[in-house]
Amino acid sequence: MTELGTALITGASFGIGQELARVFAREGHNLVLVARSADRLRQLASELEKAHGTRSLILASDLTEPGSAAYVLDQTTRAEIAVDVLVNNAGFGQFGFFAENDLEVCLQQIQLNVTTLTHLTRLFVPGMIERRHGRILNVASTAAFQAGPLMAVYYATKAYVLLFSEAIANELQGTGVTVTCLCPGPTATEFQKRANLAGIRLLKYGSMDARTVAEDGYRALMAGKPVVISGFKNWLVAQSIRFAPRRMATAVARKLQEQ
Ligand SMILES: NC(=O)c1ccc[n+]([C@@H]2O[C@H](COP(=O)([O-])OP(=O)(O)OC[C@H]3O[C@@H](n4cnc5c(N)ncnc54)[C@H](OP(=O)(O)O)[C@@H]3O)[C@@H](O)[C@H]2O)c1
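Let me begin by describing the structure that accompanies this report. On a predicted model such as this, the values are computed, not experimentally measured, just so you know.

Lining the immediate environment of the ligand, one finds 31 residues, of which Arg36, Ser37, Asn89, Tyr154 and Thr189 sit closest. For the ligand, a nitrogen atom lies 2.8 Å from a polar atom in the side chain of Asp62. The separation between an oxygen atom of the ligand and a polar side-chain atom of Arg194 is 3.0 Å. Against a free-state accessible area of 870 Å², the protein chains account for coverage of 97% of the ligand. Secondary structure elements with two or more residues in the shell around the ligand: α1 (15–26), α5 (152–171) and α6 (191–194).

Positive phi, close to 60°, is recorded for Arg132, a residue that is not glycine. For Arg132, a relative accessible area of 51% translates into the label exposed. The phi torsion at Asn196 lies on the positive side, around 60°, for a residue other than glycine. Topologically, Asn196 is positioned in the loop between α6 and β8 (208–209).

Our focus in this paragraph is the pairing of strand β1 (residues 6–10). Extensive coverage of β1 is indicated by the burial of five of its five residues. Neither face of β1 is left uncovered, since the one carrying Thr6, Leu8 and Thr10 and the one carrying Ala7 and Ile9 both have all their residues buried. Judged from the four bridges that link them, β1 and strand β4 (residues 83–88) form a sheet pairing that is parallel. Bridged to Ala7 within β4 is Val85. Here β1 pairs with strand β2 (residues 31–35) via four bridges, running parallel. For Leu8, the partnering residue across the bridge sits in β2 and is Val32. Assessed by its sense of winding, the connection that carries the chain from β1 through α1 to β2 is right-handed.

Our focus in this paragraph is the environment of Leu221. Checked against the element boundaries, Leu221 lands in helix α7 (residues 210–223). The exposure class assigned to Leu221 is buried, which follows from its relative accessible area of 0%. Separated by 43 residues in sequence, Leu221 and Thr178 place their C-alpha atoms 7.9 Å apart. Residues within four places of Leu221 in sequence aside, it is in contact with Phe24, Val85, Arg135, Ile136, Leu137, Thr178 and Thr180.

In this model α1 runs 17 Å from its N-terminal to its C-terminal C-alpha over twelve residues, within 8% of the 16 Å that 1.5 Å per residue would give. Burial within α1 is extensive, with eleven of its twelve residues counted as buried. Along α1, the positions that sit buried rather than exposed are Gly15, Ile16, Gly17, Gln18, Glu19, Leu20, Ala21, Arg22, Val23, Phe24 and Ala25.

This next bit is on the packing of helix α3 (residues 68–78) against helix α4 (residues 103–131). It is the contact of α3 with α4, at a shortest axis distance of 9 Å, that shows an interaxial angle of 35°. The element α3 and its partner α4 pack so that their crossing is right-handed. Of the residues in α4, those touching α3 at Ser68, Ala69, Ala70, Val72, Leu73 and Thr76 are Thr116, His119, Leu120, Leu123 and Phe124. Split into classes, the residues belonging to the contact of α3 with α4 amount to seven nonpolar, four polar and no charged.

Once that is clear, we can look at a nonpolar patch on the surface. Among the surface-exposed residues, Leu103, Leu107 and Ile110 lie close enough to one another that they form a single nonpolar patch of about 270 Å² accessible area. Summarising the element assignment, Leu107 is placed in helix α4. We classify Leu107 as partly exposed; its relative accessible area is 44%.

Moving on, we come to the side chain of Thr175. In this fold, Thr175 is placed in the loop between α5 and β6 (177–183). For Thr175, a relative accessible area of 15% corresponds to the buried category. A distance of 2.5 Å separates the side chain of Thr175 from the backbone oxygen of Leu172, its partner in a polar contact. With residues near it in sequence (within four places) discarded, Thr175 still touches Ile129 and Arg132.

Thresholds applied
- Residues numbered from 1 in each chain as written.
- Predicted model: local features only at pLDDT ≥ 70, side-chain atom pairs only at ≥ 80, totals over all residues.
- Heavy atoms only, no water.
- Near = heavy atom within 4 Å.
- Polar contact = N/O pair within 3.5 Å; in protein donor to acceptor, adjacent residues only side chain to side chain.
- Areas by Shrake-Rupley, 256 points an atom, 1.4 Å probe, with all protein chains shown as cover.
- Helix = DSSP H or I, 4+ residues; strand = E, 2+ residues; numbered from the N terminus.
- Buried < 20%, exposed > 50% of the residue type's maximum accessible area, 1.4 Å probe, protein only.
- Pairing = 2+ DSSP bridges.
- Right-handed = clockwise from strand over helix to strand, strands pointing away.
- Contact = heavy atoms within 4.5 Å.
- Expected span 1.5 Å × (residues − 1).
- Axes fitted to C-alpha atoms, helices over the stretch in contact; angles between N-to-C directions.
- Left-handed = near helix turned anticlockwise from the far one by under 90°.
- Nonpolar A, V, L, I, M, F, W, Y, C, P; charged D, E, K, R; others polar.
- Patch = residues over 30% accessible without salt bridge, like charges linked within 9 Å, V, L, I, M, F, W, Y side chains within 5 Å.
- Salt bridge = Lys/Arg side-chain N within 4 Å of Asp/Glu carboxyl O.

Structural data, given as structure tokens:
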């Protein structure tokens, strides 16, 4: 066990979250694994126990439910687990024109990517401040750096995650709690299939693997960096957007999102 103890990871059943769980376990953390797919979480917990002796608490929860963040805090409190690292990774996207997309799915995206992330952070951060140590890893995206036509709500939720994370990282200076925002670019996970992104131009430029993204996130978290963009190509694109007129950046994002 490291001095940082237990890491709670949302969206640990697939993709980047699952790889983050493997990295945290390898580094000696015990885990609280949260997602809807209980079977996959149980499988992962058993794999990590065999490989590293990791102890995991499994919480099967739909984090689009408004009461889910409180449920997660309640379950960790009952299990007498102090969460030293909070990883807000669960998230999903929805492809299509905003005016035509299913409203319920739009709102669930905001609930998961923004509201539950904020709620969990607000519930767990006071304990970290009290203990004078803690780390928070919020997973945004390179989508955070510009508007995203054809995924308007998703890009906007990720802009929120980035700006929220940077702001609280600043507020928490001197408390012993650090906040890191991980911004992956396209990554080979379930995300693209679930968001119906097959055939969009952006994916023709290749995807990173989830393990590399997870390793980048873990390293930046441990270094206390406020923001990390995974992959040099993604970093370069995010930097170039800073100097482009906003309307042009939006138009380019539209081209990349088209099928
Ligand atoms: N893949 C990419 O290209 C990419 C790029 C940039 C950023 N990201 C971000 O990276 C994060 C992880 O995504 P990923 O690529 O690893 O996608 P993924 O393979 O689809 O995994 C998403 C994870 O979130 C969980 N999740 C989804 N809806 C949930 C809900 N209602 N309640 C609880 N858990 C839920 C899923 O578990 P269950 O289905 O079992 O609930 C799964 O474990 C997301 O925030 C995503 O926006 C991804």
